[in-house]
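Fold and contact review
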Number of protein chains: 2
Amino acid sequence: MRASSYFIPTLKEAPAEAEVPSHIFLIRGGFIRQLAAGLYEYLPLGFRVLKKIENIVRKHMDNAGALEVLLPILTPSELWQETGRWDVYGKELFRVEDRKGRMFALGPTHEETITDLVRKNIRSYKDLPKNFYQIQTKFRDEARPRYGLIRGREFVMKDAYSFDVSEEMAVKSYNLMKETYRKIFDELGLDYLMVEADTGAIGGKFSHEFVVKVPNGEAHIVYCEKCGYAANVEAAKYEFELDKLPPEEEKPLEKVHTPGVSSVTDVAQFLGVDEKKIVKTLVYILDDGTAVAVLIRGDRELNETKLINYFNVLDAHLASSEELEKLNIVEGFVGPIGLDIPVYADISVKDLHNFVVGANEKDYHYINVNIPRDFKPVEFVDFSTAREGDPCPVCKAPLKETTGLEVGHIFLLGTKYSEAMKAYFVDRDGREKPIIMGCYGIGVSRLMAAAVEQSHDENGIIWPESIAPFKLHILALNIKDSQIKDVAEQLYQKALGMGIEVLYDDRDISPGAKFKDADLIGIPYRIVVGKKVKEGKVELQKRGAEEKEEIKINDVEGFLQKLQ
Amino acid sequence: MRASSYFIPTLKEAPAEAEVPSHIFLIRGGFIRQLAAGLYEYLPLGFRVLKKIENIVRKHMDNAGALEVLLPILTPSELWQETGRWDVYGKELFRVEDRKGRMFALGPTHEETITDLVRKNIRSYKDLPKNFYQIQTKFRDEARPRYGLIRGREFVMKDAYSFDVSEEMAVKSYNLMKETYRKIFDELGLDYLMVEADTGAIGGKFSHEFVVKVPNGEAHIVYCEKCGYAANVEAAKYEFELDKLPPEEEKPLEKVHTPGVSSVTDVAQFLGVDEKKIVKTLVYILDDGTAVAVLIRGDRELNETKLINYFNVLDAHLASSEELEKLNIVEGFVGPIGLDIPVYADISVKDLHNFVVGANEKDYHYINVNIPRDFKPVEFVDFSTAREGDPCPVCKAPLKETTGLEVGHIFLLGTKYSEAMKAYFVDRDGREKPIIMGCYGIGVSRLMAAAVEQSHDENGIIWPESIAPFKLHILALNIKDSQIKDVAEQLYQKALGMGIEVLYDDRDISPGAKFKDADLIGIPYRIVVGKKVKEGKVELQKRGAEEKEEIKINDVEGFLQKLQ
């Protein structure tokens, strides 16, 4: 492709709203433009990258036996009502009324539509398993669209849906997708984690997120470099045993005067004990109004998602001063002994000896508290947030923390949709049973941004080879110099003839502007044709690498062969 | 692909609303399913055909130097308001309100969006010409969606937009697209016409439609088999000279009594003259209220589209009895002589001698009327509808008539959008000028239906090879017969290994059902593996051809090589 007849409107400055590298460089590099908040135009260069990502996704989905379909973007409200999601989805669903007053949603996902197709066309166990997928434009009316392609209102997704006769087979389908996703993200050249996700709200059996590691990402992940364990902080476990304090002999319970001292740090200092021996007593109000007390060791943080999942509620909040007062609980000095509400304890409290708790009396704490001598919690539960350095729950190596960008998510849905929509099949035994489903998403357009977030420098993008818009960039530094032009043209034709995707910068602009654009656009390999042609030489560069190599023009062919 | 793990839900009966062959067979063959009125799901087989059409379109567009982009489906109302189309488009435009109350249209076409992109990113003549295209899902809220993929509410289009510095260059871009479209439709294997279209409402300079010939199509076309001339009946010309009557000497004007006789046929009979010598005088009321009289020879039909275009109005209608009365015109006996409103004449009246017209008096006609002796029309204009047998305006061979399905439409738009939206460029002479535009559409999903309309028999589809979902269909007639199964399996593996797209019917169903499905699905080549394997033979068939050929299993490889 000749740059002179192509369309790469590079910019010196990114628009003010561009905050993250992918947003900045995709706009500055002429890959995308914003049409309206959260709506982006893919220019020729951006479109090429998008298609490359699509094709990698498609190849691996096809290899896994998934069948590509294309479902309408307009999805009738009646289907959404069958599963209750017409109401649940709220403002994120774009809703459209047709000329006859019928309501439709612009599909953000297609569980309802595909389940409708399946219930109408699949009757027997002989027709199963099936996995249908599509690569399609999706819609979500985000409250705060931002970060360019990362959080848009119209975006390209790969969504897949598996249908199986049994949970065992469904797990097989799920695992096949898990492996397929690994192949996809590997080929895309991304540094990613497969993360155990919280399934709370969706109610599925398993769920994994695929998260690309990037600084300042929205997802907070705890992971183990040694064994590959990774989980959202909300769901992450850790191996507590290694963090336990050594056993001690139980000392007699004692109430001590701690005037005005109530925070963990202050109490530890005042009493001269380790924070690990201070036990916090947190009072939570569940969404049904129930109050519960949760104990956790002073050096650990309580994870509200774990708490919400444990109590199987939609919401819970820390009791306010007013709520504590109503419960006759003394703020700042709460403790489990003699408390009138159910007491649960984090596993960090199990096996703790001679610890400190509030005495439920202003300015007093108990010291030398022991379980079960002094009180007995209803249950010991994993309520605490795992953190960097905690032992991996699988291999016990120290965990790491990172932030990331979710680019894929897989769910074993079970029968949630098939039961709601009556998608049954007749099994080998002649009985009607609900089909077991899974669903599997990949953010295709978001991946374009994720790749840039992970691979850039201060001058622009450094594309992974598998999704670079072109593989080779030939720069003719001075197109008016006939010798430079002839050599560049020759090399361009040779590369084209060898089937290499090549962008040839034949524009009549300064060498500086060409280098700037080339760095911004981020094509992996570069041949610079400049003054050295007089000595029969050109320069080779790899985007992102420091070294430059001068080679004889006659030797370029060998280099090109490596790019084929 | 093994049919046993694929998804081809064939049906014995088409749904009641399916009236045309493409609708019937695409549903019965398991290519598509309807989700709601005008909304279709592409199942795996249909998706393959759609992709093949897309890829042929893409290849030729790329070869023509057009640059592929992807624009948002949601297009802001503000852009549509700039060109006035937000109001003009009416109910066909799906309109969506976002959570902040901002209005969007689901793009039925993207002139506004692409013009906005161009005005923001192209400033100089050096950046032109450009031709941007996309292959995308489009929306139109049809009042009566029907005929399956032919008239849907959500459909796949290729839309392209050219931008040039001058009309001369724009015509070059237009002609390049014209040639590109020919290549596309040729490769698709369709019998089509390139038709001169009426540009009235859009106001462009040139316009051509590409129409696939099908019975009962919506488009009415007049065309010449000899030279390729083709036009919509609304726009078609014909060579009038050959149809002229021989010259005569002028006879004296005479008023004759024709009691109760007013239709062309009756007057001709009553007076004993040829219908060609009767001239009808039609009174039209234009949309601004002006009344005009239009003369046309008795044997020809007036074409209202030509009339509307000539007078440059949006609408016109034949005067009603009341309107004639208000104008003091005698219904049934209108004539040009002494008439108080402007008189225009169709070219069929030019050079006509001694003809008959109404006398503007009840029960009277003039005979032996001659121009300019007895009256003088304002102008002679081509107002008449061309018809089968008329001489071709280009080569004079007799014209033919057909109906068809429009699958492509190209327009030279000129500056309509660039002026309305201020898409200017700075020319070589330093002056700002509006960019000259063209737009070019292809109905990608409609082409799938058009191919079926044109190529089917009573049993199902006969796909053109270039867009068939698979090239080869192997039927194992009895999968329980291990010899049949082994041979079929062997041939399947061999075809796969040779890179042939093959569907292998390995299902455990009756031979009759397999043949029925195979005919319905319409894959071009077929290998039938049946009882003859005992003699070392299989059968070859070509879909749509009568003959079957038995060949030795060992010779199948030679046949497969021809399919590669």
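Just so we're clear, the structure is a prediction, and the values are computed from it rather than from any experiment. (Residues numbered from 1 in each chain as written. Chains lettered and ligands numbered in written order. Predicted model: local features only at pLDDT ≥ 70, side-chain atom pairs only at ≥ 80, totals over all residues. Heavy atoms only, no water.)

1. Brief notes about the overall build of chain A
A count of helices and strands for chain A gives 14 helices and 31 strands. Per-residue burial for chain A yields a buried fraction of 57% across its 564 residues. Considering only residue pairs separated by 6 or more positions, chain A has 69% of its internal contacts joining residues 24 or more positions apart. Just so you have it, chain A exposes about 23700 Å², and 48% of that area is on carbon and sulfur atoms. Looking at chain A, you have 75 positive and 91 negative side-chain charges, and the mean spots of the two groups are 6 Å apart. (Helix = DSSP H or I, 4+ residues; strand = E, 2+ residues; numbered from the N terminus. Buried < 20%, exposed > 50% of the residue type's maximum accessible area, 1.4 Å probe, protein only. Contact = heavy atoms within 4.5 Å. Areas by Shrake-Rupley, 256 points an atom, 1.4 Å probe, with all protein chains shown as cover. Lys, Arg positive; Asp, Glu negative; His and termini not counted. Charge placed at Lys NZ, Arg CZ, Asp CG, Glu CD.)

2. Description of unusual backbone geometry
Peptide bonds are mostly trans, and most non-glycine residues show a negative phi. For the bond from Leu128(A) to Pro129(A), the omega torsion is 0 degrees, close enough to zero to count as cis. Secondary-structure assignment places Pro129(A) in the loop between helix H5 (111-121) and strand S7 (130-139). Going from Ile371(B) to Pro372(B), the amide bond is cis rather than trans, its omega being 5 degrees. Structurally, Pro372(B) can be placed in the loop between strand S19 (364-369) and strand S20 (380-381).

3. Description of the relation of the copies chain A and chain B
The transform that puts chain A on chain B rotates by 179 degrees and translates by 0.0 Å along the axis, for an RMSD of 0.4 Å. Read as a symmetry element, the transformation amounts to a two-fold axis. The position closest to the rotation axis in chain A is occupied by the C-alpha of Val96(A), lying 2.8 Å away. A shared binding surface is used by both copies, with 100% of the interface residues of chain A retained as interface residues in chain B. (Least-squares fit on C-alpha atoms with pLDDT ≥ 70 in both.)

4. A closer look at the interface of chain A and chain B
The extent of an interface is frequently quoted as the accessible surface area lost upon association of the parts. The interface of chain A with chain B comprises 57 residues on the first partner and 57 residues on the second. At the junction of chain A with chain B, the criterion picks out 2 salt bridges. Asp98(A) is the partner of Arg153(B) in a salt bridge, and the nearest nitrogen-oxygen pair spans 2.9 Å. Here the side of chain A that touches chain B is composed, by residue class, of 32 nonpolar, 6 polar and 19 charged. (Salt bridge = Lys/Arg side-chain N within 4 Å of Asp/Glu carboxyl O. Nonpolar A, V, L, I, M, F, W, Y, C, P; charged D, E, K, R; others polar.)

5. A few points about the pairing of strand S15 (residues 291-297) of chain B
All names here are of chain B. Buried residues dominate S15, accounting for 7 of its 7 residues. Of the strand pairs in this sheet, strand S14 (residues 279-286) and S15 are connected by 7 bridges, and their pairing is antiparallel. Its bridge partner being in S15, lysine 280 is matched across the sheet by isoleucine 296. Between S14 and S15, which pair antiparallel in sequence order, lie 4 residues; one of them, glycine 289, sits at a positive phi of approximately 95 degrees. (Pairing = 2+ DSSP bridges.)

6. Examining helix H12 (residues 482-497) of chain A
Residue and element names in this part refer to chain A. Between its terminal C-alpha atoms H12 stretches 22 Å, which fits the 22 Å expected from 16 residues at 1.5 Å a residue. Buried residues along H12 sit in contact with strand S27 (472-476), strand S28 (502-505), strand S29 (525-529), strand S30 (537-542) and helix H14 (556-563). Among the residues of H12, the N-terminal cap falls to aspartate 481, whose side-chain oxygen and the backbone nitrogen of glutamine 483 are separated by 2.9 Å. A positive backbone phi angle near 75 degrees is found at glycine 499, which sits one or two residues after H12. (Expected span 1.5 Å × (residues − 1). Polar contact = N/O pair within 3.5 Å; in protein donor to acceptor, adjacent residues only side chain to side chain.)

7. Re a negative patch on the surface
Together, Asp287(A), Asp288(A), Glu304(A) and Asp315(A) give the surface a local cluster of negative charge. With respect to the helices, strands and loops of the structure, Glu304(A) is situated in helix H8 (residues 304-311). (Patch = residues over 30% accessible without salt bridge, like charges linked within 9 Å, V, L, I, M, F, W, Y side chains within 5 Å.)

8. Observations concerning the pairing of strand S10 (residues 207-213) of chain A
All names here are of chain A. Burial analysis of S10 places 6 of its 7 residues in the buried class, which makes it a mostly covered element. Pairing analysis gives 5 bridges linking strand S9 (residues 192-196) to S10, with the strands arranged antiparallel. In the sheet register, tyrosine 192 faces S10, and the bridge partner there is valine 212. With 7 bridges joining them, S10 and strand S21 (residues 400-414) adopt antiparallel strand pairing. Among the inter-strand pairings, glutamate 209 is bridged to a residue of S21, identified as histidine 409.

9. A short note on the sheet that holds strand S18 (residues 355-358) of chain A
All names here are of chain A. Reading across from one edge, S13-S19-S18 is the order of the 3 strands in this open sheet, with antiparallel pairing throughout. With partners counted over all chains shown, the strands left at the sheet margins are strand S13 (254-257) and S18, one partner each. Across the sheet, the mean angle separating the axes of adjacent strands is 30 degrees when strand polarity is ignored. Bridge analysis of S13 against strand S19 (residues 364-369) gives 4 bridges, and the strand direction is antiparallel. Residue pairing across strands places lysine 255 opposite tyrosine 366, the latter belonging to S19. (Axes fitted to C-alpha atoms, helices over the stretch in contact; angles between N-to-C directions.)

10. Some remarks on the state of the cysteines
What makes a disulfide is a covalent bond joining the sulfur atoms belonging to two cysteines. All names here are of chain A. Under the counting rule described, the total for this entry stands at 0 disulfides over all chains. Of all cysteine sulfurs, the one in cysteine 395 lies closest to cysteine 224, which takes part in no disulfide; the gap is 3.4 Å. Taking the relative accessible area as the measure of exposure, cysteine 224 reaches 2% and is therefore buried. (Disulfide = S-S within 2.5 Å.)

11. A few points about the domain arrangement of chain A
All names here are of chain A. Here chain A is described as being made up of domain 1 (3-72 + 109-237 + 401-452), domain 2 (241-381) and domain 3 (470-563). One C-alpha centre belongs to domain 1, the other to domain 3, and the line joining them spans 37 Å. Counting residues at the interface gives 13 residues for domain 1, matched by 10 residues for domain 3. Carbon and sulfur atoms supply 62% of the area buried between domain 1 and domain 3, which totals about 1000 Å² over both sides. For domain 1, the biggest contributors to the area lost against domain 3 are Ala3, Thr10 and Arg48; these three give 41% of the whole. Between lysine 52 and glutamate 501 there is a salt bridge, and its shortest N-O distance comes to 2.4 Å. At the surface where domain 1 touches domain 3, the tally comes to 6 residue pairs in polar contact (both at pLDDT 80 or more). Broken down by secondary-structure element, the contributors of at least two residues to the side of domain 1 that touches domain 3 are helix H1 (21-28) and helix H2 (44-63). Along the lines of polarity and charge, the residues of the side of domain 1 that touches domain 3 split into 7 nonpolar, 3 polar and 3 charged. (Domains from an automatic or database assignment. Buried area = accessible area lost by both parts, 1.4 Å probe.)

12. Notes on the sheet that holds S20(B)
All names here are of chain B. Taken in spatial order, the 5 strands make up an open sheet running S16-S14-S15-S17-S20, and their pairing is mixed. At either margin of the open sheet sits one strand with a lone partner, and together these are strand S16 (316-318) and S20. Bridge analysis of S15 against strand S17 (residues 343-346) gives 3 bridges, and the strand direction is parallel. Of the residues in S17, the one forming a bridge with valine 294 is tyrosine 344. Each of S14, S15, S16, S17 and S20 is contacted by helix H8 (residues 304-311), which is oriented at about 55 degrees to S14, the strand it contacts most.

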